[in-house]
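# Structural overview for review
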Amino acid sequence: MTTGSLGLRSSGSYGSLQQIQNAAFCLPIQTTPPLSRKPPKMLKEKDRFFHWIFKFAPRKKIGMLLLCFVSLVVFMWVLIVGKGEEARDGILPRINIESAPTSDEKLIVIRSSDSQTLEVLGSSNATLPPSPPPPVYFTGYELPPGNPCEHFALPPPPADKKRTGPRPCPVCYLPLKDAIALMPNASSVSPVIRDLAYIHEENLTKSEFGGSEFGGYPSLRQRSDSYDIRESMSIHCGFVGGVKPGRETGFDVDDSDLLEMENCRGVVVASAIFGAFDLIRQPKEISEYTKMNACFHMFVDEETADFLKNSTELSSDKKVGLWRIIVIHNLPYSDPRRNGKIPKLLLHRLFPNARYSLWIDAKLELVVDPIQILERFLWRKNASFAISRHYKRFDVFVEAEANKAAGKYDNSSIDFQIEFYKKEGLTPYSSAKLPITSDVPEGCVIVREHIPITNLFTCLWFNEVDRFTSRDQISFSTVRDKISSKTNYTINMFLDCERRNFVVQGYHRDVLASWSPPPPPVEIAQVYPPPPIITINDNNRTSAVGVVTDSITSSQTKKVPTRHGRDRRSRRHRKVGTGNSRNANSNSNFV
């Protein structure tokens, strides 16, 4: 093998590789003419050049010089190519290749990271919709410096030993205008869970114990799986027998009322009366803004609706004051209190488009604007669920015994529920649970935002009420702690005295009816006193009629009180010495 043949082979090899690469890159785009063979004269000059290199390369100095030169050329080439790649990466955006959903599934779209379409292959008429922006969440705010509510602290309770029961305490609300300005434009963060669906079943089978057709009889295995919080979940949440809540599901609602409920897209204030158990109490101190933008709905059964028609003015638009009356048909439970848990805990299902809800029991009267309540207990605290703690009890075991003593529910059912929770790990409340301050809520008021995590919480809370007793204070902490252990989700449990600041507690209708009516007013004949006796002093005889001067005096009849008992003594008796017993006796009988 000669050096000349070596040079030709090298030249031929590079030329062949170059032709293959050019052909590979240019074949699908365009065709190039075949390369023309170089004339023999140029080949001879190239052979002479390579012959000269191989002639002087074996020499030591020339070889080292050539090696250094080649190394320098390679280093400069790598440096230039590296900088060129970095510059190209900085200029060109990152390219993502995604398959666009088309009928023939052959459209390939090349997009940049800023959602700008660069090239569409396969269809020149296809357009790609812009990608949705990243989700934005509400993360709370801080009050401006100098705001009176910034460093507001509760004053010490009044030192009134005669009044030891619960009482309201001061709450710092922002002015309505400021509260409206701070209303979030985005929803709060829902930890872990993003998509929540509800189970619909036609053919139901009873579970191991408890439950109802309205709740779907979830099994214990399904109950355990519902506490395994995931990004996407399907759970039981009432209304299982129908496609749409309120339509052939039990707890049925008229179509006109369903449409009204679906159109409520902001804040909903809700309450319920079943069995004509309470009287309707109208909210007070409600602004015109809230009257125009919030929904006030009162759920009643047919019995209560008949009572309202006979006792109050039910207008043609189904309203009693601010309350829109929603008549419920086909109630799923025989217990009115258990029926009341449906709107209390499942408002997100009855009002699918509402953002916030405020639930108040029918025995309460709302006296603060709902927007101010939302700002104080949700937005300012960056919370999505708020409920007041019990004013006296904070332990579930103590709460269960109190329910048994008051006859709130069957004692054996309460004991069974507590024993079931104990096997799952329920323990008495202690300081180890801090910062959780109580396990027992005062559930007559619930302030919440409708997001997946709060909807999940109230669904699982309702499932416990459906399976066990209707005393929701007993099951609250179990549901809260199970969800918190998987998501670190917290609930704002504010003081009960703060709750009593914006609602005034009344009495149930049966309690009011049991009270004896006040005695009828007695007509008392009016007795006019005799005219005063006027004497005129001789020194001043010019006094006019009707003008009383210093010389005019009126005589008054002296009232002599009567004795009301032998031991009754006058407040005007004088103290006398012990030695004069007669005077003491005489003075003690003096009136």
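Note that the structure is a prediction, hence the values are computed from the model and not measured. (Residues numbered from 1 in each chain as written. Predicted model: local features only at pLDDT ≥ 70, side-chain atom pairs only at ≥ 80, totals over all residues. Heavy atoms only, no water.)

In a regular helix each residue adds 1.5 Å, so 13 residues correspond to 18 Å; helix H13 (residues 411-423) covers 19 Å between its end C-alpha atoms and thus fits that length. When we look at burial in H13, the residues that qualify are Ile414, Gln417, Ile418, Phe420 and Tyr421. Viewed along the axis of H13, the buried residues span an arc of 160°, placing them on a single side of the element. Buried residues along H13 sit in contact with helix H5 (220-226), helix H12 (396-405), helix H14 (452-467) and helix H15 (472-487). (Helix = DSSP H or I, 4+ residues; strand = E, 2+ residues; numbered from the N terminus. Expected span 1.5 Å × (residues − 1). Buried < 20%, exposed > 50% of the residue type's maximum accessible area, 1.4 Å probe, protein only. Arc of directions from axis to C-beta. Contact = heavy atoms within 4.5 Å.)

A full pass over the atoms with the stated rule returns one cavity of 30 Å³ or more. Of the pockets and cavities examined, the largest cavity occupies roughly 30 Å³. Among the residues forming the lining of the largest cavity, the class breakdown is five nonpolar, one polar and two charged. (1 Å grid on protein atoms, 1.4 Å probe; cavity = no way out; pocket = protein on both sides within 12 Å on 5 of 7 lines; lining within 4 Å. Points joined across faces, edges and corners; volume = space filled by probe spheres on them. Nonpolar A, V, L, I, M, F, W, Y, C, P; charged D, E, K, R; others polar.)

With that settled, the discussion passes to the packing of H13 against H15. H15 packs onto H13 with a crossing angle of 10° between their chain directions and a minimal axis gap of 11 Å. In terms of orientation, H13 and H15 fall into the roughly parallel class. From H13, Ile414, Gln417, Ile418 and Tyr421 reach across to H15, where they touch Ile474, Ser475 and Thr478. Among the residues making up the contact of H13 with H15, the classes are represented as four nonpolar, three polar and no charged. (Axes fitted to C-alpha atoms, helices over the stretch in contact; angles between N-to-C directions. Parallel < 35°, antiparallel > 145°, perpendicular 65-115°, else oblique.)

Our next topic: the pairing of strand S11 (residues 356-360). Counting buried positions along S11 gives five out of five residues, so the element sits mostly inside the fold. Residue alternation in S11 divides its side chains into two sets, Tyr356, Leu358 and Ile360 and Ser357 and Trp359, and both sets are buried. Two strands pair when backbone bridges link them, and strand S7 (residues 267-273) and S11 are joined in this way by four bridges, in the parallel orientation. Of the residues in S11, the one forming a bridge with Val267 is Tyr356. (Pairing = 2+ DSSP bridges.)

Quick look at the packing of aromatic side chains now. All told, the structure shown has 25 aromatic pairs when counted by the stated rule. Note that Arg467 overlies the ring of Phe209, its terminal NZ or CZ placed 5.3 Å from the centroid. Here the basic side chain of Lys482 rests over the ring of Tyr227, its NZ or CZ set 5.2 Å away from the ring centre. (Phe/Tyr/Trp six-rings, centres within 6.5 Å; stacked < 30°, edge-to-face > 60°. Lys NZ or Arg CZ within 6 Å of the ring centre and 35° of its normal.)

The element strand S14 (residues 441-449) is extensively covered by neighbouring structure, given that nine of its nine residues are classed as buried. Bridge count between strand S13 (residues 385-389) and S14: five bridges; the pairing is antiparallel. Residue pairing across strands places Phe385 opposite Arg448, the latter belonging to S14.

Below, the discussion takes up the nonpolar core. Counting 49 residues, the largest nonpolar core has Phe251, Phe299, Phe351, Leu456 and Trp461 as the members making the most contacts within it. Counting residues per element, this core draws most heavily on H14, which supplies eight residues. Leaving out residues up to four positions away in the same chain, Phe351 has contacts with Met261, Cys264, Val268, His297, Phe299 and His450. With 40 residues, the next largest nonpolar core counts Val267, Ala294, Val327 and Leu358 among its residues. (Core = buried A, V, L, I, M, F, W, Y, C linked by side-chain atoms within 4.5 Å.)

Per-chain confidence: the protein averages 78 in pLDDT, with 67% of residues scoring 70 or above. Scored below 50 in pLDDT, residues 1-36 shows ten contacts in the model against residues more than four places distant or in partner chains. Taken together, the stretch residues 565-591 has pLDDT below 50 and engages in ten contacts with residues farther than four places along the chain or on a different chain. (pLDDT = per-residue confidence, 0-100.)

With that out of the way, let us pick up the state of the cysteines. Taken as a whole and judged by the stated rule, the model has four disulfides. Across the disulfide from Cys237 sits Cys459; the S-S distance is 2.0 Å. Disulfide Cys237-Cys459: the torsion about the S-S bond is -75°, which places it as left-handed. Placement of the pair is Cys237 in the loop between strand S5 (232-235) and strand S6 (252-253) and Cys459 in helix H14, with a sequence separation of 222 residues. (Disulfide = S-S within 2.5 Å.)

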